[in-house]
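Topology and contacts: notes
Next come the chains, spelled out residue by residue.
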Amino acid sequence: MSHVEDELNSQPECWIRAAEEAGRHAGALPGAGERVAIVGCGTSYFMAQAVAALREAAGQGETDAFAASEFPRGRSYDRVVALTRSGTTTEVLDLLGQLRGRTRTTALTADPATPVTTAADDLVVLDFADERSVVQTRFATTALTLLRAHLGLHTDAVVADARTALVSPLPEELVDCTQFTFLGRGWTVGLANEAGLKMREASLSWTEAYPAMEYRHGPISVTTEGTATWMLDEAPAGLAEQVRSTGALWVEGSLDPLAELVRVQRLAVAVAAHRGLDPDRPRHLTRSVILAD
């Protein structure tokens, strides 16, 4: 078993622990009414998108998400939350350094012995969700679970759905598809972006991701036989029929969207195996992007 398989299979237990610890970290996490920005790179940026949409929809306050390198320096926030598995990502550390003394910052990380521990004002360490694989699975979803629990949006049903996602069979035709499109709505647009990234990283697949209602505004033109469209949330009316009419495989999520992401993680590993690839070591990628001065 690859590291990524082992790590993605451990997610239900990680989520349970994160939900249990959310209350202990409440003082380091955004409070109701705060104006917040959530930042990250790669997978962490897409988790930031999901959290920002969840928090704002829950009425907790205006919340934005940015790639750390694209943070608008002229905007004012009560708190900036940085998601960084490694704690060493250059863009995140640079941003935290620039914000020190003028904006309160919180870092969520997997490694307590890295530079981010002194770069942020507040720290949440999820070391039990750290990973050996370059490809992120459990740290990203565990961080999101912690933040969902902080917002009062996590339930035991989410963990039950994750267990189902780990054992339910994937459609056999999926591993032979030549292109994959992932769709979301609201907070699950971030999950759709992450699903596409996971497939690209682990299996070198051609993938795309869109808000579901945007899919008909051009992207559907590449949908045809041998492609797959995976809806991570409730589908807009008529979209399933329109996709099927192209000859493409339509996959509609029936579990909590975060558990649907676990199914996509499994698919990425399955497609990698089908193509003779090592999902733990994607080409051109490292665990953390550290840029020289």
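Going by the structure above, here's the rest.
Residues numbered from 1 in each chain as written. Predicted model: local features only at pLDDT ≥ 70, side-chain atom pairs only at ≥ 80, totals over all residues. Heavy atoms only, no water.

**Looking at the packing of aromatic side chains**
Each aromatic ring pair is summarised here by two numbers: the centre-to-centre distance and the angle between the ring planes. Defined as follows: Under the pairing criterion, centres of Phe, Tyr and Trp rings, with the six-membered ring standing for Trp, must be within 6.5 Å; the plane angle then separates stacked pairs below 30 degrees from edge-to-face pairs above 60, leaving the rest tilted. When accessible area is computed with a 1.4 Å probe and restricted to protein chains, residues below 20% of their type maximum are described as buried, those above 50% as exposed, and intermediate ones as partly exposed.
Applying the stated criterion across every chain, the model contains 6 aromatic pairs. Note on Phe71 and Tyr77: the rings are 5.8 Å apart at their centroids and 50° apart in plane angle, and the pair reads as tilted. Take Phe71 and Tyr77: they sit in the same class, and that class is buried. Taking the centre distance of 6.4 Å and the plane angle of 35° together, the rings of Tyr210 and Tyr215 count as tilted. Here the aromatic cluster, defined as three or more aromatic residues joined through ring pairs, consists of Phe66, Phe71 and Tyr77.

**Side note on the packing of helix α3 (residues 43–57) against helix α6 (residues 138–150)**
In plain terms, the rule: The angle between two axes is taken between their N-to-C directions and runs from 0 to 180 degrees, where each axis is a line fitted to C-alpha atoms and a helix contributes only its stretch in contact. Secondary structure elements are defined from DSSP: runs of H or I of at least 4 residues count as helices, runs of E of at least 2 residues count as strands, and each element is numbered from the N terminus. Reported orientations rely on four angle classes, namely roughly parallel under 35 degrees, roughly antiparallel over 145, roughly perpendicular from 65 to 115, and oblique for the rest. Two helices crossing with the near one rotated counterclockwise from the far one by less than a right angle form a left-handed crossing, whereas a clockwise rotation gives a right-handed crossing. Note on contacts: a residue pair is in contact if any heavy atoms of the two residues lie within 4.5 Å. Under the convention adopted here, Pro, Cys and the residues Ala, Val, Leu, Ile, Met, Phe, Trp and Tyr are nonpolar, Asp, Glu, Lys and Arg are charged, and Gly plus all remaining residues are polar.
Orientation of α3 relative to α6, taken along the N-to-C sense of each, is 20°, at an axis distance of 10 Å. The pairing of α3 with α6 is recorded here as roughly parallel in orientation. Considering only the axes of α3 and α6, their crossing is right-handed. The residues of α6 that touch α3, namely those facing Thr43, Met47, Ala50, Val51 and Leu54, are Ala140, Leu144, Leu147 and Arg148. Here the contact of α3 with α6 is composed, by residue class, of 7 nonpolar, 1 polar and 1 charged.

**As for the nonpolar core**
Nonpolar side chains tend toward joint burial in soluble globular proteins. Which entries qualify depends on this criterion: Side-chain atoms within 4.5 Å link the members of a nonpolar core, which is a set of buried Ala, Val, Leu, Ile, Met, Phe, Trp, Tyr and Cys residues.
Counting 62 residues, the largest nonpolar core has Leu108, Leu144, Leu174, Phe180, Leu191 and Trp230 as its most contacted members. Sequence-distant contacts of Leu191, defined by excluding residues within four places in its chain, comprise Met47, Ala50, Leu144, Leu232, Pro257, Leu258 and Leu261. Among the nonpolar cores identified, the runner-up in size contains 16 residues, and Tyr77, Val80, Ala82 and Ala120 belong to it.

**Topic: helix α4 (residues 90–99)**
Buried within α4 are the following residues: Thr90, Val92, Leu95, Leu96 and Leu99. Of the surrounding secondary structure, the elements contacted by the buried residues of α4 are β1 (36–40), β3 (79–84), β4 (104–109) and α5 (116–119). Gly101 sits one or two residues past α4 and shows a positive phi near 90°.

**Here we look at the sheet that holds β1**
Where we set the bar: Think of it this way: DSSP has to see at least two bridges between two strands before they count as a pair.
Strand order across the open sheet formed by 5 strands is β2-β1-β3-β4-β5, with parallel pairing between neighbours. If you trace the sheet from one side to the other, it starts and ends with β2 (63–67) and β5 (122–125), each paired once. On average, adjacent strands in this sheet sit at an angle of 20° to one another, irrespective of strand direction. Strands β3, β4 and β5 of the sheet are contacted by α6, whose axis makes an angle of about 135° with β4.

**What about empty space enclosed by the protein?**
Put simply, the test is: Only protein atoms enter the 1 Å grid, on which a cavity is a set of points fitting a 1.4 Å probe that cannot get out and a pocket is an open set with protein on both sides within 12 Å along at least 5 of 7 lines, lining residues being those with an atom within 4 Å of a point. Grid points are joined across faces, edges and corners, and a volume is the space filled by probe spheres set on the points.
By the definition in use, this model includes 1 cavity of 30 Å³ or more. As a volume, the largest cavity reaches approximately 60 Å³. Around the largest cavity, the lining residues are Pro30, Ile38, Val51, Arg55, Val81, Leu147, His150 and Leu151. Elements with a minimum of two residues in the lining of the largest cavity: α3 and α6. Here the lining of the largest cavity is built from residues that sort into 6 nonpolar, 1 polar and 1 charged.

**Description of the environment of Arg163**
Structurally, the position occupied by Arg163 is in helix α7 (residues 156–167). Classification of Arg163 by relative accessible area gives partly exposed; the value is 39%. Sequence-wise, Arg163 and Val271 are 108 residues apart; in three dimensions their C-alpha atoms are separated by 21 Å. Once you skip the residues sitting within four places of it in the chain, Arg163 turns out to touch Pro12, Glu13 and Ile16.

**With respect to the pattern of salt bridges**
For side chains of opposite charge, pairing can occur when their charged atoms come near one another. Filter applied, for reference: We define a salt bridge as a side-chain nitrogen of Lys or Arg found within 4 Å of a carboxyl oxygen belonging to Asp or Glu.
For the structure on display, the rule yields 15 salt bridges. Of the charged contacts, one joins Arg79 and Glu34 as a salt bridge, the two residues approaching to 3.4 Å between their closest N and O atoms. In this pair, Arg79 is assigned in strand β3 and Glu34 in the loop between α2 (11–21) and β1, connecting sequence segments 45 residues apart. Judged by its relative accessible area of 6%, Arg79 falls in the buried class. We note a salt bridge from Glu131 to Arg85, for which the minimum N-O separation is 2.6 Å. Remark: Arg85 occurs in the loop between β3 and α4 and Glu131 occurs in the loop between β5 and α6; sequence separation between them is 46 residues. Arg85 shares its class with Glu131; the two are buried. Among the charged side chains, a salt-bridge network with shared partners connects Glu34, Arg79, Arg104 and Asp122.

**With respect to the pairing of β3**
With respect to burial, β3 is a largely interior element, 6 of its 6 residues being buried. The alternating pattern of β3 places Arg79, Val81 and Leu83 and Val80, Ala82 and Thr84 on opposite faces, both of which are buried. In the sheet, β3 pairs with β4 via 6 bridges, with the strands oriented parallel. When the bridges of β4 are listed, Leu83 appears paired with Leu108.

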